[in-house]
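If you want the building blocks of each chain, they are given just below.
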Amino acid sequence: GWDFRLSKASNGTPRSGLQPSSGANKGPGIRDGREVLQELNREHYPYEELKDGKCPTGVNPCNKEDYLCDEEFEAVFGMTREKFTSLAKWKKVNLKKEKKMF
């Protein structure tokens, strides 16, 4: 990884630059890029991670149902994705509200 730091030029004036990271200076809240990419590339999340206003990084909050696996989708909504997709928009919205997917 790379750290962005201010350093001093040979004449003593500050300059910025990227320097290779040793990994030892990760502060709170700083994560490895591989961890972030892995999280962003997840295709499915458990219902518990999507309901009650929760929205994991990388999940479109308007389409949380798309991130449920097929089995959990059917368990939560009581129908297949195909059936859900064929419903009128207002019915889908009401179901998502009922299942706390907003």
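Predicted model, so just to flag it, every value in this text is computed and none were measured. Starting from 1, residues in each chain are numbered consecutively following that chain's sequence as written. In view of the model being predicted, local features appear only for residues whose pLDDT reaches at least 70, and side-chain atom pairs are presented and counted only at 80 or more, with totals across whole chains, interfaces and linings using the full set of residues. Hydrogens and water molecules were not included; the side-chain quantities draw on all heavy atoms of the structure.

S.K.: I'd like to hear about unusual backbone geometry, residue by residue, with values.
M.R.: Backbone geometry places D52, a non-glycine residue, at a positive phi of 60°. Tracing the chain through its elements places D52 in the loop between α2 (47-50) and α3 (70-77). The cut-offs for exposure are 20% and 50% of the maximum accessible area for each residue type, with area from a 1.4 Å probe on protein chains only; residues under the lower value are buried, those over the upper are exposed, and the others partly exposed. With relative accessibility at 46%, the residue D52 sits in the partly exposed group. The backbone of K100 sits at a positive phi, close to 60°, despite the residue not being glycine. Locating K100 in the fold gives a position in the segment after α5 (89-98). For K100, a relative accessible area of 47% gives the class partly exposed. Here a strand is any run of E in DSSP of at least two residues, a helix any run of H or I of at least four, and the numbering for each starts at the N terminus.

S.K.: Before we move on, could you go through the pattern of salt bridges and cite the residues and values that matter?
M.R.: Salt bridges are counted wherever a side-chain nitrogen of Lys or Arg sits within 4 Å of a carboxyl oxygen of Asp or Glu. Taken as a whole and assessed by the stated rule, the structure comprises 4 salt bridges. As a salt-bridge pair, E98 and K99 come within 3.5 Å of each other at their nearest N and O atoms. Residue K99 is classed as partly exposed on the basis of its relative accessible area of 21%.

S.K.: Which residues make up α3, and what values go with them?
M.R.: Taken together, the buried positions of α3 are F73, V76 and F77. Looking straight down α3, one finds that the buried residues subtend no more than 80° of arc, so they occupy a single side. The exposed residues of α3 that point more than 90 degrees off its buried face are E71 and A75. By the convention used here, residues are in contact when the closest approach between their heavy atoms is within 4.5 Å. For α3, the elements touching its buried residues are α2, α4 (81-86) and α5. Here the arc refers to the directions that run from the helix axis out to each C-beta atom.

S.K.: Quick one: what's the story with the packing of aromatic side chains, residue by residue and with numbers?
M.R.: Here a pair means two rings of Phe, Tyr or Trp (six-membered ring of Trp) with centres within 6.5 Å. Their orientation is stacked below 30 degrees between planes, edge-to-face above 60, and tilted elsewhere. All chains considered together, the criterion is met by 4 aromatic pairs. Ring geometry for F73 and F84: centres 5.4 Å apart, planes at 85°, overall edge-to-face. Here F73 is found in helix α3, whereas its partner F84 is found in helix α4, with 11 residues between them in sequence. The buried category is assigned to F73, whose relative accessible area is 1%. Here the aromatic rings of F77 and F84 are separated by 5.0 Å at their centres, their planes lie at 50°, and the arrangement is tilted. F84 sits in the buried class, given a relative accessible area of 4%. Clustering of aromatic rings is evident, with ring pairs tying together F73, F77 and F84.

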